[in-house]
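Descriptive analysis of the structure
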Number of protein chains: 4
Amino acid sequence: MAGARKPGRNFLFVPGPTNVPDRILRAMHIAMEDHRSSDFPKLTLPLFENLKKIFKTREGQVVVYPSSGTGAWEAALTNTCSPGDKLLAARFGQFSSLWIELARRHGLEIIVQEEEWGTGVHPDKIEEALREDKNHEIKGVMVVHNETATGVTSDVAAVRRAMDAADHPALLYVDGVSSIASIDFRFDEWRVDLAITGSQKGLMLPAGLGIVCASQKALAAMNAKCRRAYFEFGDHMKANATGYFPYTPALSLLHGLRESLAMLEEEGLENVFARHRHLADGTRAAVSAWGLKLCAKEPNWHSDTVSAIMVPHGFNGAEVIDRAYRCYNLALGAGLSQMAGKLFRIGHLGDLNELMLLGAISGAEMAMNDIGIEVEPGSGVAAAQARFRGAQMREQQRIAAE
Amino acid sequence: MAGARKPGRNFLFVPGPTNVPDRILRAMHIAMEDHRSSDFPKLTLPLFENLKKIFKTREGQVVVYPSSGTGAWEAALTNTCSPGDKLLAARFGQFSSLWIELARRHGLEIIVQEEEWGTGVHPDKIEEALREDKNHEIKGVMVVHNETATGVTSDVAAVRRAMDAADHPALLYVDGVSSIASIDFRFDEWRVDLAITGSQKGLMLPAGLGIVCASQKALAAMNAKCRRAYFEFGDHMKANATGYFPYTPALSLLHGLRESLAMLEEEGLENVFARHRHLADGTRAAVSAWGLKLCAKEPNWHSDTVSAIMVPHGFNGAEVIDRAYRCYNLALGAGLSQMAGKLFRIGHLGDLNELMLLGAISGAEMAMNDIGIEVEPGSGVAAAQARFRGAQMREQQRIAAE
Amino acid sequence: MAGARKPGRNFLFVPGPTNVPDRILRAMHIAMEDHRSSDFPKLTLPLFENLKKIFKTREGQVVVYPSSGTGAWEAALTNTCSPGDKLLAARFGQFSSLWIELARRHGLEIIVQEEEWGTGVHPDKIEEALREDKNHEIKGVMVVHNETATGVTSDVAAVRRAMDAADHPALLYVDGVSSIASIDFRFDEWRVDLAITGSQKGLMLPAGLGIVCASQKALAAMNAKCRRAYFEFGDHMKANATGYFPYTPALSLLHGLRESLAMLEEEGLENVFARHRHLADGTRAAVSAWGLKLCAKEPNWHSDTVSAIMVPHGFNGAEVIDRAYRCYNLALGAGLSQMAGKLFRIGHLGDLNELMLLGAISGAEMAMNDIGIEVEPGSGVAAAQARFRGAQMREQQRIAAE
Amino acid sequence: MAGARKPGRNFLFVPGPTNVPDRILRAMHIAMEDHRSSDFPKLTLPLFENLKKIFKTREGQVVVYPSSGTGAWEAALTNTCSPGDKLLAARFGQFSSLWIELARRHGLEIIVQEEEWGTGVHPDKIEEALREDKNHEIKGVMVVHNETATGVTSDVAAVRRAMDAADHPALLYVDGVSSIASIDFRFDEWRVDLAITGSQKGLMLPAGLGIVCASQKALAAMNAKCRRAYFEFGDHMKANATGYFPYTPALSLLHGLRESLAMLEEEGLENVFARHRHLADGTRAAVSAWGLKLCAKEPNWHSDTVSAIMVPHGFNGAEVIDRAYRCYNLALGAGLSQMAGKLFRIGHLGDLNELMLLGAISGAEMAMNDIGIEVEPGSGVAAAQARFRGAQMREQQRIAAE
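Described below are features of the structure shown in this document. Keep in mind it's a predicted model, so treat the numbers as computed, not measured. (Residues numbered from 1 in each chain as written. Chains lettered and ligands numbered in written order. Predicted model: local features only at pLDDT ≥ 70, side-chain atom pairs only at ≥ 80, totals over all residues. Heavy atoms only, no water.)

**Some thoughts on the sheet that holds strand 13 (residues 330-334) of chain C**
Residue and element names in this part refer to chain C. As a reminder, the rule being used: Strand pairing is assigned whenever DSSP detects at least two bridges linking the two strands. Numbering goes from the N terminus for both helices and strands, where a helix is a DSSP run of H or I of at least four residues and a strand is a run of E of at least two. Two residues form a contact once any of their heavy atoms are found within 4.5 Å. Angular values range over 0 to 180 degrees, each being the angle between N-to-C directions of two axes fitted as lines to C-alpha atoms, with helices fitted over their stretch in contact.
Across the sheet, which stays open at both edges, the five strands sit in the order 1-13-14-12-11 with mixed pairing between neighbours. The sheet terminates laterally at strand 1 (11-13) and strand 11 (293-294), the two strands that pair on one side only. Against the sheet, helix 10 (residues 269-290) makes contact with strand 11, strand 12 (306-310) and strand 14 (343-347), and its axis sits at roughly 10° relative to strand 12, the strand it touches most. In this fold helix 12 (residues 354-370) packs onto strand 1, strand 13 and strand 14, with an angle of close to 90° to the strand it touches most, strand 1.

Next up, the structure:
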């Protein structure tokens, strides 16, 4: 296996960037064009409309930035908050922490509910905090739908119910970076006010687009005083209305986005969600077969886009990752911050299928074995296969019954 | 010529985005990879080093954002200014106007020197204003090196001399979006403090990267109070030091940037500048042959990356552009703001050669003729050819003499 | 203009390979797949059907080889002739010569009608020869529809009329390599028996596919005795019937072909022919303005896909080509065989538009001037523009009148 | 798993076409160029030289056709044989059968040694036949190095020894289509006279190039009387000498070939062979673990590029393949001719690595289980893992020991 070249494909199982389908790479391989031409809106106007479907919104306003998801975090907050505004946020992982930090840099005051890593947002505590906020000083509730660092999905619908129960007018901010287009997300039904995502996860694109969806209620808060220019909603909304942008857009990615949205529609968004759950089920079956535990404490926290797998005491998750990367061309996600070394992560989102995942599970088995973690070779693969074959059988019975 | 399909290539002669060479499109057509892997710095560390050459700096710090050039404008200002700070800026076109507007949104106080559109920064007036600023309340001077809207290049070296003559400590901010990598730019020699560019002009990439180069003096001003998070220099500098980024980078564009820098090095930066001057000379010869005038008032203002061409009274530049686009598949730049309808622009920057430009000149001739502007058919082409052939001859004599 | 890199695009104006549109390059950028899978016929069966439209046939049988057009020449002859068979052929250029040579290598006896280079097939002479062939020993008539070396198009319909007038049963073999999908071609109407083309001309693909269309009468001659295996029609026809191939097909090119056929259909085949005539008219106008002559003697011989332009006495066409290639990144075609040095060729077929051609005409002007041929700079461009603008005007009037 | 779109990558495990690496796809995504330009030999001359390394020849002459491997079969025979010539060939699979059939179509008389499918060439029988051929009427010996249909590799060196032992002057023809660049092949050392390969196997390219390597002794036989034109060596040798081709070459594939040769050199040809053996070992371990048998009878026949796996009595291999393709997006090879239904094949050649193969093995397990073949889930994966981990360990010990 010597030699400078690494043959074959890299198995990319970090929870983003995800595998970009060849169709999307092709769609992005294009000559530039004049983004002020009379033809340009033929590309953009349908894009803005179709993006809404991904958020499941009719009323929301989408804004697309040349930025990462971090930029979209900033856009959502700075367009609707003023320095000194209070927001309520739960912290239970690296990404919920970073978002809080970003908000503070913009002068916002964040009331933090610390949750155990491996759990997520506790709607009852949200409700309690909001009930206590008699004067409605809390302007917003920040929820990380899927905490990528720990593989924990929180229940946004329950947060909305909590807010309603408290009869509180705060805006609902949701980070859907590693959930939207992979895990069910319902902007209108849950009355989300600001939803944030990026291009490099469920949308199966390279990083480079930050996307925000804003409710009419959110737009009404645009007289907020946080200073902003690049991320100003208003400039985009005005230019987007006729199919243009306030500054040069990331054209290649827009073409990729068009293809991505077409592919999601072809597969069917509900089928996409089902596929993610299916692959996550297989992964979790493998983890059980290995005798290991997820970082996510209970099934209700289990993420369908990323599984964070605790390594046994005495072992270092970073060594699993290093071994997998160097020897098997498999990229796994690392434990971050307080989870550093304690786990490794398998991202199972985006353009994946069963055999790709079984290859990755197999690679994880070898890497664990190599550094001395005693999992039964092939056991995870067999457990995942059992899930996959069962689903195939059920699906076929369903088709036969139709 | 009916039929839905437009055969052949679009002639893209807007002053950005520019034509992306096939080599760069290929370099960007890649599978995603883990941007936290141990291999990743092999891509990024040389990239940061080689970017410096484009700015002609050894001491400067480059920061690369997933953003447009507008984001880089914001980054340069917010990292080094506090709300209420005074900056001095000349305004003489759409882009100098927009930058001033952006600065004001961030709470900066801009002292504006209005200059006639078609001219640029007047260093003597800069010097005068700085001399009068005894208390050094002016924190910075904002210069648009190349005003894309009017085809005007200002003399940054002269601005530096003016600042020195006034013995003023203000920071020198330079928008080099449509000059850097096309027109000579000398960060260290001119002691620029903040230089700004984007990927979609001289770097021959799609839009999506905003790039700032900051001097050590600029970095010393990072305790500034403008709020920022996405564009915070410090996060990037810290992560970049070991080859990483504070958030997911626009991987495809980074690969494209590597190829772009390799191509610029292969051609030789000075040869790239000479080629831009050469093509601009040809364009200006064509304009003279047509009996038309540039928006840029005097030869010292003439830009080597874009020519803004005044249409005769009674004609509308927008009609030339519309005709060229619809009938000849040629994209020209429009007149903006107070120049709307009065001119059309030929962008001659990026990956261009003589025949591409001659095709565009020919298309402009036909479009003008079509709407009734009486320029002699073929006259602009012949005038440009004469310049091009002369240069070829001189070049061959030079080679022969060696 | 020094430096190793040649900036900008190459102007490819040889008469094949032609410019491959980006859409087709993208369509070819694909992962391999199992060419024996149950899905494969979904690609191939529509391809075989749609290819027939290009030939304008309903009854013909198309066969697609991984080969160049030369292979298709061989396939047409060896599947329908036996060694010793007599065929009648006119020779008036490099490609008609090569085809005759190929036929002879396979043991066929070719009765050659020598025609002046610059003219083509003389139907009256064909008729005469066939009338004299009382015993019908002549098995076929070989016609090069468009002789690429001299820019001469022959009248295939007139050849058919001549054959009918002589009441002769010979098969009609037509080389349509540089005509099909560019110049009107009517397989069924003209009762062509074997038509030959390649992928790298009007089909706008890279070289690598040789395509034959055979009439039912031709198929009835498949008991012929020329030895063949790779090019055996029967193997292909049998496998193609269900969507497969007798050996591994050139998959990338098949995907490219699908896109090519879609593009031709979008533009409309008649519009494609009109565009080629339009661009050829512009080229011929330029040649007249230069005071030069075409190799093709009379307008009835003028090819709409390639113009062979005679250089004045005392000049060498190869120098024009060399100069154009080295100095202006323009690829022109050379004079071949007895025309070596006497002419240069502009191929104007495939995915071209007016501005591309005007750039090439402009480059030819400069190259000619450089080596001392005195053509008026810009004169060819102006003459072509006049044609192009006139056509635009007529087209607009037509649209307005509808 | 419903929905029209098949998410994720197809697992292509037919024994050709193989997976084309992204690098090669990128290298093929190019604008066309003039194949008669003065620059063209810069591409081709190094290509011809580097191709020789793949054959391990210094003296051989390579010829590259736009064709499939079938065309290269034809070229090798028709350039060196005359109708009526006798050749000796063993038949033990679909491809050895097809080659014999092709030879007969060209009028050659083939003396066939029938061998059991699952075995290959028996050198002792070759020697015996040649010894009996006192008058040296046998002009050549045809050997299929790797019979793709049964996964059998024959010993070419032993055939050479047999020919030498018989002191017979026959030419040695070797079909290396599914061995060259994957399994050790030594043109000069084994004194092969005609070696044949195609682009779509070990060379990791799309189909479309047929490649022959001819010894000086073979070239001396070019006065042979088989009729040929497209495949005539002489035309290619003459044109290739200066870097050109006798007809338009398949340019995209030539660029791909350049990249392919670079990649093989980077990895190191011996490392490439070792990798193929390594992956084949893993596959064979899986087959053993499943309790199944290979078609190849004994280890000495085992192919390192393809394993043909016998399904138990009562089962149909075609159902495994169908199930794998439809449900798991896995393409396996079918049993052909007398092996139809009795086996399925895993191609493990080209740009593959361990995890890709483990994914495929896992998919084969599921497909077999689905149709009722009782193999232990995960057992094949575990067995292959054991081989792979062992090799990794030995490699690391080797590196540590250096």
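Having put the structure on the table, let's press on.
**What to know about helix 8 (residues 233-240) of chain C**
All names here are of chain C. Condition: A 1.4 Å probe rolled over the protein chains alone gives each residue an accessible area, and that area as a share of the maximum for its type sets the label: buried under 20%, exposed over 50%, partly exposed in between. Working definition: the arc comes from the directions between the helix axis and the C-beta atoms, pointing outward to the latter. Counting of polar contacts relies on pairs of N or O atoms within 3.5 Å, with two restrictions inside protein: one atom must be capable of donating a hydrogen and the other of accepting it, and residues adjacent in sequence are counted only when both atoms are side-chain atoms.
Residues Phe233, His236, Ala239 and Asn240 constitute the buried set of helix 8. Around the axis of helix 8, the buried residues are gathered within 145° of arc, so they sit on the same side. Against helix 2 (40-55), strand 2 (61-66), helix 3 (69-78), strand 9 (194-198), strand 10 (209-214) and helix 7 (216-219) lie the buried residues of helix 8. With a side-chain oxygen lying 3.0 Å from the backbone nitrogen of glycine 234, the N-terminal cap of helix 8 falls on glutamate 232.

**Description of the relation of the copies chain A and chain D**
For clarity, the cut-off: Copies are brought into register by a least-squares superposition over C-alpha atoms of residues with pLDDT of at least 70 in both.
Note on the identical chains: chain A maps onto chain D by a rotation of 180° and an axial translation of 0.0 Å, with an RMSD of 0.0 Å. The operation mapping one copy onto its partner corresponds to a two-fold rotation axis. Both copies present the same face, since 100% of the interface residues in chain A are matched by interface residues at the equivalent positions in chain D.

**Points about the layout of surface pockets**
Threshold: The way it works is a 1 Å grid over only the protein atoms, where trapped points that fit a 1.4 Å probe form a cavity and open points with protein on both sides within 12 Å along at least five of seven lines form a pocket, and then any residue with an atom within 4 Å of a point lines it. Grid points are joined across faces, edges and corners, and a volume is the space filled by probe spheres set on the points. Residue type decides the class: Asp, Glu, Lys and Arg count as charged, Ala, Val, Leu, Ile, Met, Phe, Trp, Tyr, Cys and Pro as nonpolar, and the leftover types, Gly among them, as polar.
Considering only enclosed or pocket space, the second largest pocket measures out at about 1,300 Å³ in volume. As for the second largest pocket, its lining consists of 47 residues, and the residues nearest its centre are Arg36, Phe245 and Pro246 of chain C together with Gln94 and Leu336 of chain D. Elements with a contribution of two residues or more to the lining of the second largest pocket: helix 8 of chain C together with helix 3 (69-78), helix 4 (94-105), helix 11 (317-328) and strand 13 (330-334) of chain D. Per-element tally for the lining of the second largest pocket: the top contributor is helix 4 of chain D, with six residues. Among the residues forming the lining of the second largest pocket, the class breakdown is 21 nonpolar, 16 polar and ten charged.

**Examining the interface of chain B and chain D**
The condition that has to hold: We define a salt bridge as a contact between a side-chain nitrogen of Lys or Arg and a carboxyl oxygen of Asp or Glu at a distance within 4 Å.
On the side of chain D, five residues touch chain B, which itself brings five residues to the contact. For the pair chain B and chain D, the number of links is zero salt bridges. Here chain B and chain D share two residue pairs in polar contact (both at pLDDT 80 or more) between them. For the side of chain B that touches chain D, the residue count by class is two nonpolar, one polar and two charged.

**Comments concerning the interface of chain A and chain D**
We count it as follows: Throughout, buried area stands for the accessible area (probe radius 1.4 Å) lost by two parts on being put together, summed over both.
Listed as interface residues are 52 residues of chain A and, on the opposing side, 52 residues of chain D. Summing the contributions of chain A and of chain D, the shared interface buries around 4,600 Å²; its carbon and sulfur component is 55%. For the pair chain A and chain D, the number of links is four salt bridges. Aspartate 22 of chain D is the partner of arginine 9 of chain A in a salt bridge, and the nearest nitrogen-oxygen pair spans 3.5 Å. Viewed at the interface, chain D and chain A are joined by 17 residue pairs in polar contact (both at pLDDT 80 or more). Secondary structure elements with two or more residues in the side of chain A that touches chain D: helix 1 (22-28), helix 9 (251-267), helix 10 (269-290), helix 11 (317-328), helix 12 (354-370) and helix 13 (379-401) of chain A. Element by element, the count of residues in the side of chain A that touches chain D is highest for helix 12 of chain A, at twelve residues. Of the residues belonging to the side of chain A that touches chain D, the class tally is 21 nonpolar, 15 polar and 16 charged.

**Let's talk about the relation of the copies chain B and chain D**
Each copy of the sequence occupies a distinct position, and chain B is placed on chain D by a rotation of 180° and an axial shift of 0.0 Å, giving an RMSD of 0.0 Å. Looking at the interface residues of chain B, 100% of them are also at the interface in chain D, so both copies use one shared face.

**A closer look at the packing of aromatic side chains**
How we decide: Aromatic rings from Phe, Tyr and Trp, taking only the six-membered ring of Trp, are treated as a pair when their centres fall within 6.5 Å; an angle between ring planes under 30 degrees marks them as stacked, one over 60 as edge-to-face, and anything in between as tilted.
Enumeration according to the criterion identifies 38 aromatic pairs over all chains in this entry. Both rings, one in tryptophan 73 of chain C and one in tryptophan 99 of chain C, keep their centres 5.8 Å apart while their planes meet at 15°; by these two values the pair is stacked. Of this pair, tryptophan 73 of chain C sits in helix 3 while tryptophan 99 of chain C sits in helix 4 (residues 94-105), and the two are 26 residues apart along the sequence. Grouping residues by exposure puts tryptophan 73 of chain C and tryptophan 99 of chain C together as buried. Their ring planes at 70° and their centres at 5.5 Å tell us that phenylalanine 185 of chain D and tryptophan 190 of chain D sit as a pair that is edge-to-face. There is no split in this pair, since phenylalanine 185 of chain D and tryptophan 190 of chain D are both buried. Taken together, the ring pairs connect Tyr65, Tyr230, Phe231 and Tyr247 of chain A together with Tyr65, Tyr230, Phe231 and Tyr247 of chain B into an aromatic cluster.

**Some thoughts on the pattern of salt bridges**
All names here are of chain D. Throughout the structure, instances matching the rule amount to 112 salt bridges over all chains. One salt bridge connects glutamate 266 with arginine 23, and the closest N-O pair in it is separated by 2.9 Å. Placement of the pair is glutamate 266 in helix 9 (residues 251-267) and arginine 23 in helix 1 (residues 22-28), with a sequence separation of 243 residues. When its relative accessible area of 39% is taken as the criterion, glutamate 266 is described as partly exposed. In this structure, the salt-bridge partner of glutamate 270 is lysine 56, at a minimum N-O distance of 2.7 Å.

**Things to note about the sheet that holds strand 8 (residues 171-175) of chain C**
Residue and element names in this part refer to chain C. The seven strands lie next to each other as 2-10-9-8-5-3-4, forming an open sheet whose pairing is mixed. Single-partner strands in this sheet number two, and they are strand 2 and strand 4 (109-114). Sheet twist, expressed as the mean angle between neighbouring strand axes with direction ignored, is 20°. With five bridges connecting them, strand 5 (residues 138-144) and strand 8 associate as parallel partners. Residue pairing across strands places methionine 142 opposite tyrosine 173, the latter belonging to strand 8. Of the strands in this sheet, strand 2, strand 9 and strand 10 are in contact with helix 8, which crosses strand 2 at around 105°.

**Side note on helix 3 (residues 69-78) of chain B**
Residue and element names in this part refer to chain B. With respect to burial, helix 3 is a largely interior element, ten of its ten residues being buried. Every buried residue belonging to helix 3 is among Gly69, Thr70, Gly71, Ala72, Trp73, Glu74, Ala75, Ala76, Leu77 and Thr78, and all of these are buried. Residue serine 68 occupies the N-cap position of helix 3, its side-chain oxygen lying 3.1 Å from the main-chain nitrogen of threonine 70.

**Details of the environment of alanine 274 of chain C**
Looking at the secondary structure, you find alanine 274 of chain C in helix 10. Classification of alanine 274 of chain C as partly exposed rests on a relative accessible area of 42%.

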